[in-house]
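Commentary on secondary and tertiary structure
In case you want the letters, here they are:
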Amino acid sequence: MYKITFKKRLNEQVVQMEILAPLVAKKAQPGQFIILRVNEEGERIPLTIAGYDREKGTVQVIFQIVGKTTLSLSQKEEGEFISDFAGPLGKPSEIEGVQKAIVVGGGLGTAIAYPYAKALHDNGAEVDMIAGFKTKDLVILEDEMKRACTRLHIMTDDGSYGGSGMVTVRLKELLEEDKEKNSYDLVVAIGPLIMMKFCALTTKEYGVKTVVSLNPIMIDGTGMCGGCRVTVGGETKFACVDGPEFDAHQVDFDEAIRRSAFYKEQETKAYEAHKCRLEEMR
Amino acid sequence: MANMSKTKLPIPEQDPLVRNSNFDEVALGYTEEMAVEEAERCLNCKNKPCEAGCPVNVKIPEFITLIKENDFEGAYKKIKETNSLPAVCGRVCPQETQCEALCVRTKNGESVGIGRLERFAADWYMKNVDEKAEKPTPNGHKVAVIGSGPAGLTCAGDLVQLGYDVTIFEAFHKSGGVLVYGIPEFRLPKAIVQAEIDKLLELGVKLETNVLGGKVITVDELFEQGYEAIFLGTGAGLPMFMNIPGENYNGVYSANEFLTRINLMKAYRGDYDTPIGVFKNVAVVGGGNVAMDSARCAKRLGAENVYIVYRRSEVEMPARLEEVHHAKEEGIIFKILCNPVEILADDRGYVDGIRCIEMELGEPDDSGRRRPVPKEGSEFELEVDCVVMAIGTSPNPIMKDNTPGLEVNRRGCIVADESTGQTSLEGVYAGGDAVTGAATVILAMGAGKDAAKAMDEYIRSKK
Ligand SMILES: Cc1cc2nc3c(=O)[nH]c(=O)nc-3n(C[C@H](O)[C@H](O)[C@H](O)COP(=O)(O)OP(=O)(O)OC[C@H]3O[C@@H](n4cnc5c(N)ncnc54)[C@H](O)[C@@H]3O)c2cc1C
Ligand code: FES
């Protein structure tokens, strides 16, 4: 059993939690993830490590309530326990030698992109962070992000806060301005698959190395099921052990989008059923 | 006077057409009377050919004699002297190629039902005797076991008996290895595995789940923490695919994923959250126990047509005979001498068929089995919405990648001494599928046992 030591709602849909897991905290590095189960009957779900405190032995995760598992996790309170918390899994981000980077986060992806930006920034890199949200009310982690980068560019789809439009709009502008100097040596894009796909297409034109963090369907996270397979550069890779970060220009996004939709129908049903039951109980 | 019946006394089973839609155990086991009757078929041969076929040398005629004498508890204890998981082995060992193959009675009829008798004795004991395990006196030495499959559990069991302070580290949230995530409930009830694990915990073995050895904790760190010897029983969990077109379409699973969702994550039960697709027609590729288990699970989940697609003929199938037989009874359709060449999908990327080619047997290959060769122009399609790849597994490289100096062979198997399990690193031992590649429960247990003995000798020699 693993204790929840801290919980905060970042917005209606997004929750931040710290879990006591000293073994995980001791080894965690940016870019890695954990797999948790809320209770005995629960599913195993992967979540990216958003932060860690080696001294306190805690690991931070940030998640969006999208299904039954994340909904029941969001209903746990500080001081309560979850059944399982395994990690760190996957390869850490490669940040050595990066001098100037753009880190793009979309929606919940900002929660995962922000520790990446922070790691780069702490390592001495100049970082532009582009954080995209649907609308002003959904903006999360603004102060944290500001501290974790050189320049923060917030974008909202409806223009209600920051710049107006998709993250790719700002991404293109930055790359265009920098075209002569060509000074960015890395772009990191983390968010919905479709956003990562378009970021990859955008940066490809400018020939800037781009990395995405994939979060496919997983069970074990140790390479034993192959459920997390993705095609990268024409080869099948297991995202949990070969990734989760991959060269964006090599990833077959259309296949990844298709595979990630596989259990949607069943999950939506389970989620709806669970919500109904909760409402009945009220 | 011995029972001279030429055939084994049949074991009561659930009706095939009932059981193919439930997950309850298929074979129900002998009653006391039946066990004694079958035991009477044993001639108690002086030279005990059967024992030589058992990788852990169970004292077969001796335990069978005790059953004849109605001393069921004695029979169990006799088996237990050399086999730490009798209830498991009685159910899943390939007896027909081991002990039973060497039984004198096979010269004129069927062998004695050794596996069935072993299972009977173990079940009888579990049901009738509730003995509290006595904690051995601690000897003050710490050892670690990574992986909790049959190899790790056996090694831990033997070491704790010798007084060691044993900690098992397991990557999954549950211990048992393939016994819990691979082999289905209807063949090996999980309560039996859990009872064995509970016994170890009672003896004082500590279990740390959710710890991926190599990544979360390394061999060197374990030594630093005072563990004096380490056993690696990490299995062969890396699934292989065929590398044919279409393998990443929605509805293609590795057997590991398919079985894990069903067995470990209980996707077949309404009270668990794990999703699994609902499929009408399923093709399972392969001819081993894993393929049979996958096919029989698919049937139980409600598929109408389930095919086994296997490239050699039935004689070459590595699955236990009983499983092939059970699968057929349950309505699994065997497409033998067939090999998939491509998986087909609709325009949304969901599997809608599998294209196969017929094969014929040519000259023997390295394995001594006749090599299957494709018959030109014999391609055909099966309409399926799910494909399960059960064509083998290899050891997971995580342990090797994070343990400098640990030698592996070109198949990724850890190199270990056959009789001691000693690896290329001092104080580090290995056994089971991690060393042999996918094999059997009993061989894994044998290796765990040998390693426990060698680890004890190693630690004592250091003093
Ligand atoms: C579906 C199926 C059916 C089978 N049927 C039969 C049968 O009928 N009869 C038979 O004799 N054999 C059968 N086998 C084979 C048999 O189950 C295996 O040979 C046996 O379980 C091997 O035991 P093991 O202890 O070496 O490994 P495993 O049982 O594979 O256990 C390894 C354990 O180590 C854990 N692990 C792996 N890496 C790490 C790590 N880095 N850190 C921590 N933990 C780790 C794994 O999670 C697992 O729990 C079957 C196998 C399968 C898959
Ligand atoms: S999650 Fe199972 S192999 Fe990656």
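Up top is the structure.
In this text, all values refer to a predicted model and were calculated from it rather than measured experimentally. Throughout this document, residue positions are counted from 1 along each chain, in the order its sequence is written. Key to labels: chains lettered from A, ligands numbered from 1, both in the order written. With the structure being a predicted model, the display of local features is reserved for residues of pLDDT at least 70 and the display and counting of side-chain atom pairs for 80 or more, all residues being used for whole-chain, interface and lining totals. Heavy atoms from the whole structure form the basis of all side-chain values; hydrogens and water molecules are not counted.

All names here are of chain B. Residues are counted as near a molecule or strand when any one of their heavy atoms sits within 4 Å of it. What surrounds ligand 1 is a group of 35 residues, the closest being V92, E170, R187, G213 and D433. Contacts described as polar in this section are N or O atom pairs within 3.5 Å, which, within protein, must combine one atom able to donate a hydrogen with one able to accept it, while residues neighboring in sequence count only if both atoms come from side chains. In the model, an oxygen atom of ligand 1 is placed 2.8 Å from a nitrogen or oxygen of the A151 main chain. Contacts to ligand 1 include D433, whose backbone N or O atom sits 2.8 Å from an oxygen atom. Notes on ligand 1: free accessible area 1,000 Å², of which the protein chains cover 94%. Per-residue accessibility takes into account occlusion by the displayed protein chains alone, with areas from the Shrake-Rupley method and a 1.4 Å probe.

Attention shifts here to unusual backbone geometry. That bond from G87 of chain A to P88 of chain A is cis: its omega, 0°, falls within 30 degrees of zero. Counting through the fold element by element, P88 of chain A comes out in strand 8 (residues 84–89). The peptide bond linking G243 of chain A to P244 of chain A adopts the cis configuration, its omega dihedral lying at 10°. Note on conventions: DSSP H or I runs of at least 4 residues are helices, E runs of at least 2 residues are strands, and numbering of each starts at the N terminus. Here P244 of chain A is to be found in the loop between helix 7 (239–242) and strand 17 (245–247). The phi angle at N44 of chain B is positive, at roughly 50°, despite the residue not being glycine. You will see that K48 of chain B, though not glycine, has its phi angle at about 45°, which is positive.

Let us now look at helix 4 (residues 60–68) of chain B. All names here are of chain B. We call a residue buried when its accessible area falls under 20% of the maximum for its residue type, exposed when it is over 50%, and partly exposed in between, using a 1.4 Å probe and counting protein chains only. For helix 4, the buried fraction is high: seven of the nine residues fall into the buried class. Within the span of helix 4, buried status applies to I60, P61, F63, I64, T65, L66 and I67. Every residue pair with non-hydrogen atoms within 4.5 Å of one another is taken to be in contact. Looking at the buried residues of helix 4, the elements they touch are helix 2 (32–39), helix 3 (49–52), helix 5 (72–80) and helix 7 (114–128). Downstream of helix 4 by one or two residues, N70 has phi in the positive range, about 65°.

Moving on: the packing of aromatic side chains. Ring pairs shown here join Phe, Tyr and Trp side chains whose ring centres sit within 6.5 Å, with only the six-membered ring taken for Trp; geometry is labelled stacked below 30 degrees between planes, edge-to-face above 60, and tilted in between. Applying the stated rule across the entire model yields 13 aromatic pairs over all chains. With a centroid separation of 6.5 Å and an interplanar angle of 90°, the aromatic rings of F238 of chain A and F241 of chain B are classed as edge-to-face. Taken together, the positions of F238 of chain A in strand 16 (residues 235–238) and F241 of chain B in the loop between strand 5 (238–239) and strand 6 (252–254) put the pair across two chains. Comparing F238 of chain A with F241 of chain B shows no difference in burial state: the two are buried.

Attention shifts here to the sheet that holds strand 6 (residues 58–64) of chain A. Residues and elements named next belong to chain A. Across the sheet, five strands lie side by side as 5-6-2-1-7; this open sheet has antiparallel pairing. In the strand order of this sheet, the two ends are held by strand 5 (51–53) and strand 7 (81–82), each with one partner. Pairing analysis gives seven bridges linking strand 2 (residues 14–20) to strand 6, with the strands arranged antiparallel. When the bridges of strand 6 are listed, I19 appears paired with V59. Following DSSP output, two strands are said to pair if at least two bridges run between them.

Moving on, we come to the packing of helix 8 (residues 150–161) of chain B against helix 17 (residues 441–462) of chain B. Residues and elements named next belong to chain B. Axes, fitted as lines to C-alpha atoms, cover a helix only where it is in contact. Angles between the N-to-C directions of the axes lie from 0 to 180 degrees. Here helix 8 crosses helix 17 at 35°, and the two axes come no closer than 7 Å. Note that helix 8 runs across helix 17; the crossing there is right-handed. On the side of helix 8, the interface is formed by P150, A151, T154, C155, D158 and L159, while helix 17 contributes V441, A444, M445, G448, K449, A452, M455 and D456. Here the contact of helix 8 with helix 17 is composed, by residue class, of nine nonpolar, two polar and three charged. The handedness criterion is simple: a crossing whose near helix is rotated anticlockwise from the far helix by less than a right angle is left-handed, and one whose near helix is rotated clockwise is right-handed. The classification used treats Ala, Val, Leu, Ile, Met, Phe, Trp, Tyr, Cys and Pro as nonpolar, Asp, Glu, Lys and Arg as charged, and all other residues, Gly among them, as polar.

Residues and elements named next belong to chain B. Inspection of the sheet shows strand 10 (residues 338–345) paired to strand 11 (residues 351–364) by seven bridges, in the antiparallel sense. Note on strand 11: the bridge partner recorded for N339 is I357. From the end of strand 10 to the start of strand 11, which pair antiparallel, there are five residues, and G349 there has a positive phi angle of about 90°.

Let us look at helix 14 (residues 321–329) of chain B. Along an α-helix, a turn takes 3.6 residues, which lines up residues three or four apart on a common side. Residue and element names in this part refer to chain B. Among the residues making up helix 14, those that are buried are E323, V324, H326 and A327. Each buried residue of helix 14 lies within a common arc of 165° when the element is viewed along its axis, so the set occupies one face. Against the buried residues of helix 14 lie helix 1 (16–19), helix 13 (289–300) and strand 9 (333–336). Looking one or two residues past helix 14, G331 carries a phi angle of roughly 95°, positive in sign. Relevant arc is that of directions from the helix axis to the C-beta atoms, nothing else.

This part is about the packing of helix 12 (residues 255–264) of chain B against helix 13 of chain B. All names here are of chain B. Orientation of helix 12 relative to helix 13, taken along the N-to-C sense of each, is 50°, at an axis distance of 10 Å. Between helix 12 and helix 13, the angle falls in the class oblique. In this structure, the crossing between helix 12 and helix 13 has a hand that is left-handed. Between helix 12 and helix 13, the contacting residues are A255, F258, L259, I262 and N263 on the first element and V290, D293, S294, C297 and A298 on the second. Residues of the contact of helix 12 with helix 13, tallied by class, amount to seven nonpolar, two polar and one charged. Just so you know how the angles are binned, under 35 degrees is roughly parallel, over 145 roughly antiparallel, 65 to 115 roughly perpendicular, and the rest oblique.

Here we come to the sheet that holds strand 8 of chain A. All names here are of chain A. What the three strands build is an open sheet, ordered 4-3-8; its pairing is antiparallel. The open sheet is flanked by strand 4 (45–48) and strand 8, the only strands paired with a single partner. Ignoring which end each strand starts from, the neighbouring axes of this sheet average 25° apart. Relative to strand 8, strand 3 (residues 33–37) runs antiparallel, the two being bridged by four bridges. Paired with F33 across the strands is L89, a residue of strand 8.

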